[in-house]
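# An overview of the molecular structure
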Amino acid sequence: MSDIRIRPAAPEDAPAISDFLRELAARGKRKSPSDVDFVRIHYIGHPDRIACSVALVAQGHILGMQSLKHARDGNIYGVTQGWGIIGTHVSPDAARRGVGRALFAASRDAARRAGVRSIDATIQPENAEGLAYYEAMGFRDYRVSGGAICKCYELPVDM
Ligand SMILES: CC(C)(COP(=O)(O)OP(=O)(O)OC[C@H]1O[C@@H](n2cnc3c(N)ncnc32)[C@H](O)[C@@H]1OP(=O)(O)O)[C@@H](O)C(=O)NCCC(=O)NCCS
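What this report covers is the structure whose coordinates are included nearby. Everything numeric here is computed off the predicted structure, so don't read it as measured data.

## What to know about the overall build of the chain
A count of helical and extended segments in the chain gives 4 helices and 7 strands. When its helices and strands are written in sequence order, the chain yields β-α-α-β-β-β-α-β-α-β-β. In terms of principal-axis extent, the alpha carbons of the chain reach across some 40 × 35 × 30 Å. In the chain, buried positions account for 45% of the 159 residues. Relative to all contacts within the chain whose residues are 6 or more apart in sequence, the contacts with residues 24 or more apart total 59%. Carbon and sulfur atoms make up 50% of the accessible area of the chain, which amounts to about 8,300 Å² in all.

What follows is the structure, given as structure tokens:
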């Protein structure tokens with residue numbers, strides 16, 4: 001898809017994001033809550049936010065969202081303090097059209113600006129598309145946590 005635009009998520013995007021998170025949940029691709037308040041609190045307005053980006057097409061329809069947060073001391077994921085923690089959610093109607101790739105380019109730039117050099121992605125082992133996506137973005141396995149596979153992306157030294 002050539003006309004994908006990326007911008008920071010705003011509070012008024014929450015209903016549209018919630019809609020496709022519900023679609024992912026209905027297809028068994030999401031277990032966390034998908035309601036509008038959850039989106040506002042855990043993604044768009046989260047105090048540890050480095051970036052929360054949305055992908056849109058020209059008509060303004062939101063196709064995906066990627067959240068990048070600071071791993072704070074004692075975070076529930078057990079991720080090393082100072083790393084980033086990433087999560088990616090693309091509407092099932094827009095899958096495999098480059099939305100995730102475009103979102104990660106923006107998140108990687110945001111990580112660099114924030115001085116974050118390593119990013120954790122935690123994926124359930126049965127989530128083949130999530131594993132393939134992060135592998136394609138340059139993430140590599142580095143540990144297993146509670147049955148989930150944790151992958152790490154190291155920002156290139158010249159970034
Ligand atoms: C995983 C997910 C984020 C991928 O987003 P996407 O917009 O479809 O990804 P892209 O089209 O940008 O694909 C980038 C690359 O990832 C890989 N990839 C993506 N989806 C894939 C799939 N279903 N099977 C194999 N490889 C896949 C490919 O290498 C692809 O490059 P290519 O199309 O040129 O071969 C999306 O499918 C999704 O939201 N899934 C549900 C939620 C989820 O699992 N999130 C990740 C764990 S938090």
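## Here's the deal with the environment of Tyr77
Note on placement: Tyr77 falls in the loop between strand E3 (62-70) and strand E4 (84-90). A sequence separation of 58 residues divides Tyr77 from Asp19, and the C-alpha atoms of the two residues are 26 Å apart. The contacts of Tyr77, once residues within four sequence positions are left out, are Ile85, Arg143 and Ser145.

## What about the environment of Phe104?
Relative to the elements of secondary structure, Phe104 occurs in helix H3 (residues 99-114). On the accessibility criterion, Phe104 (3% relative accessible area) is buried. Through-space distance from the C-alpha of Phe104 to that of Leu68 is 9.6 Å; in sequence the pair is 36 residues apart. What Phe104 contacts, discounting residues up to four positions off in sequence, is Gln66, Ile86, Ile119, Tyr133, Met137, Phe139 and Tyr153.

## Digging into the site of the ligand
Surveying the vicinity of the ligand reveals 19 residues, the closest of which are Val90, Arg96, Gly100, Arg101 and Asn127. The protein chains hide 77% of the 910 Å² of surface that the ligand would expose on its own. Only E4, H3 and helix H4 (128-137) provide two or more residues apiece to the shell around the ligand. The element best represented in the shell around the ligand is H4, accounting for 7 residues.

## A closer look at the pairing of strand E7 (residues 148-154)
Burial of E7 is extensive: 6 of the 7 residues sit out of reach of the surface. Where strand E5 (residues 118-123) and E7 come together, 6 bridges link them in antiparallel fashion. Its bridge partner lying in E7, Ile119 is registered against Tyr153. Turn length for the strand E6 (residues 140-145)-E7 hairpin, with the two strands adjacent in sequence and antiparallel, is 2 residues, and the turn residue Gly146 shows positive phi of about 55 degrees.

## What to know about the pattern of salt bridges
Tallied over the entire structure, the rule returns 8 salt bridges. The partner of Asp93 in a salt bridge is Arg27, with the nearest N and O atoms 3.9 Å apart. Of this pair, Asp93 sits in the loop between E4 and H3 while Arg27 sits in the loop between helix H1 (14-26) and helix H2 (36-44), and the two are 66 residues apart along the sequence. In terms of burial, Asp93 and Arg27 fall into one category: exposed. Of the charged contacts in the structure, one is a salt bridge between Glu126 and Lys31, with a shortest N-O distance of 3.8 Å.

Criteria and cut-off values
- Residues numbered from 1 in each chain as written.
- Predicted model: local features only at pLDDT ≥ 70, side-chain atom pairs only at ≥ 80, totals over all residues.
- Heavy atoms only, no water.
- Helix = DSSP H or I, 4+ residues; strand = E, 2+ residues; numbered from the N terminus.
- Buried < 20%, exposed > 50% of the residue type's maximum accessible area, 1.4 Å probe, protein only.
- Contact = heavy atoms within 4.5 Å.
- Areas by Shrake-Rupley, 256 points an atom, 1.4 Å probe, with all protein chains shown as cover.
- Near = heavy atom within 4 Å.
- Pairing = 2+ DSSP bridges.
- Salt bridge = Lys/Arg side-chain N within 4 Å of Asp/Glu carboxyl O.

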